[in-house]
Amino acid sequence: MGDLAVGARSGQGPEEQPGRSDDAANAAVTDQGPAAGEGVQADGGGGDDTGRQQKKPRSFWKELPLLIGIALVLALLIKTFLVQAFSIPSASMENTLKIGDRVLVDKLTPWFGSKPERGEVIVFHDPADWLEGEPTADPNAIQQVLSWVGLMPSADEKDLIKRVIGVGGDTVECSGTGPLKVNGKALNEPYVYAGNTPCSADNAGGTFKVKVPAGKVWVMGDHRQDSMDSRYHQNDKNSGFVPVDNVVGRAIVVAWPPTHWSTLPVPDTFDQSGINAAASAAPGALGLAGAVPLVIWRRRKITKGLTDGNTRVSGTGTAG
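Anyway, here's the lowdown on the structure attached to this text. Since the structure is predicted, the reported quantities are computational estimates derived from the model, not experimental observations. (Residues numbered from 1 in each chain as written. Predicted model: local features only at pLDDT ≥ 70, side-chain atom pairs only at ≥ 80, totals over all residues. Heavy atoms only, no water.)

### Regarding the sheet that holds strand 8 (residues 208–211)
The sheet built from 4 strands is open, its strands ordered 7-6-5-8 with antiparallel pairing. Since the sheet does not close on itself, it has two edges, and those belong to strand 7 (185–186) and strand 8, each with one partner. (Pairing = 2+ DSSP bridges. Helix = DSSP H or I, 4+ residues; strand = E, 2+ residues; numbered from the N terminus.)

And the structure:
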């Protein structure tokens, strides 16, 4: 190889150069060595390659804590601003939600001013000790950490899940066993637990007629005869209504177990014509109220003009 390298540079082999010994040829090869040597070093051959070696990647075990930290931060951000998982501990929403189901709750849209609407399934903080006397879970340290970052449903927060029936301004009523009415419109409720009636003929709140104040909602469970909802807390400080500020978010999907996977849309019955009659009538009522003083003023002006005219006519006639 050395002979070929030298030949390539000089145009002739050592044997063709007169007066050069083998030692000289070898020396010539050595003199030409750095160019070849540099090529060898680039291939990882001998010589001092300080600063040329590539940095070795960190081992997986050194990277693992960083990856876990990033995952926890992302999970915490998702839980706080996007979605959070909640478990269903009771039968009050059957058959829509069964005991042990995990639902994902949308926490993003409330940040943009979204308010609960009729028919939505919502999670909300206990408004007035509705869960008083109910047993609470005792999670271990790992479960508490996972719940805090949102990787596991919260086990110790006092939250409830129900369906919104009425919002601010609505009149909700039920007589006997039903049907349930909102603003005078009867609801068709296929989501009510099979065998239950929309209302309960009892003296504890099963039959009622309420007007929902602004900033609050009226909620009921789908398992009507097994749900301690707004009906049965009408004597609390909120008269059974749930403040909108207590709402965590809307449950949008059953995520676990896979066999129960489903979305939680708003039932069509809440979109029926006329259910918003009270709200849509409000602008008309305000317009009418504003028009009444104007009509009265015009009538008085016209009446006064006619009276003045009649007096003059009458006076002229008498004079004549």
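Continuing now.
### Concerning the state of the cysteines
Across all of its chains, the model carries 1 disulfide by this definition. The residue that forms a disulfide with C174 is C199, at a sulfur-sulfur distance of 1.2 Å. Here C174 and C199 share a disulfide; its torsion about the S-S bond, 80 degrees, makes the bridge right-handed. With C174 in strand 5 (residues 171–174) and C199 in the loop between strand 7 and strand 8, this residue pair connects regions lying 25 residues apart in the sequence. Overall, C174 belongs to the buried group, its relative accessible area being 4%. (Disulfide = S-S within 2.5 Å. Buried < 20%, exposed > 50% of the residue type's maximum accessible area, 1.4 Å probe, protein only.)

### A few points about the pattern of salt bridges
All told, the structure shown has 5 salt bridges when counted by the stated rule. Notably, a salt bridge pairs E120 with R250, separated by 3.7 Å at the nearest N-O pair. In this pair, E120 sits in the loop between strand 2 (102–106) and strand 3 (121–125) while R250 sits in strand 11 (residues 247–256), placing the two residues 130 residues apart along the sequence. Under the relative-accessibility criterion, E120 is labelled buried at 9%. Take R250: its relative accessible area is 25%, and that puts it in the partly exposed class. A salt bridge links R224 to E189; its shortest N-O distance comes to 2.8 Å. With R224 in the loop between strand 9 (216–220) and strand 10 (242–243) and E189 in the loop between strand 7 and strand 8, this residue pair connects regions lying 35 residues apart in the sequence. (Salt bridge = Lys/Arg side-chain N within 4 Å of Asp/Glu carboxyl O.)

### Observations regarding the packing of aromatic side chains
According to the stated counting rule, one finds 3 aromatic pairs in the structure shown. Pairing F208 with W218 gives two aromatic rings, centres 5.0 Å apart and planes at 40 degrees, and the pair type is tilted. Of this pair, F208 sits in strand 8 while W218 sits in strand 9, and the two are 10 residues apart along the sequence. Judged by its relative accessible area of 0%, W218 falls in the buried class. Linked through ring pairs, F208, W218 and F241 together constitute an aromatic cluster. A cation sits over an aromatic face here: R163 above Y191, 4.1 Å from the ring centre. (Phe/Tyr/Trp six-rings, centres within 6.5 Å; stacked < 30°, edge-to-face > 60°. Lys NZ or Arg CZ within 6 Å of the ring centre and 35° of its normal.)

### Remarks on the nonpolar core
Residues I165, V172, L180, L187, F208 and W218 are the most contacted members of the largest nonpolar core, which totals 17 residues. In terms of nonpolar packing, the next biggest core, distinct from the first, is built from 13 residues, I88, V123, V248 and L264 among them. (Core = buried A, V, L, I, M, F, W, Y, C linked by side-chain atoms within 4.5 Å.)

### As for a nonpolar patch on the surface
A contiguous nonpolar patch, built from L82, V83, L108, W111, F112 and I252 and spanning about 580 Å² of accessible area, is present on the exposed surface. Considering the arrangement of structural elements, one finds W111 in the loop between strand 2 and strand 3. By relative accessible area, W111 is classed as exposed at 55%. (Patch = residues over 30% accessible without salt bridge, like charges linked within 9 Å, V, L, I, M, F, W, Y side chains within 5 Å. Areas by Shrake-Rupley, 256 points an atom, 1.4 Å probe, with all protein chains shown as cover.)

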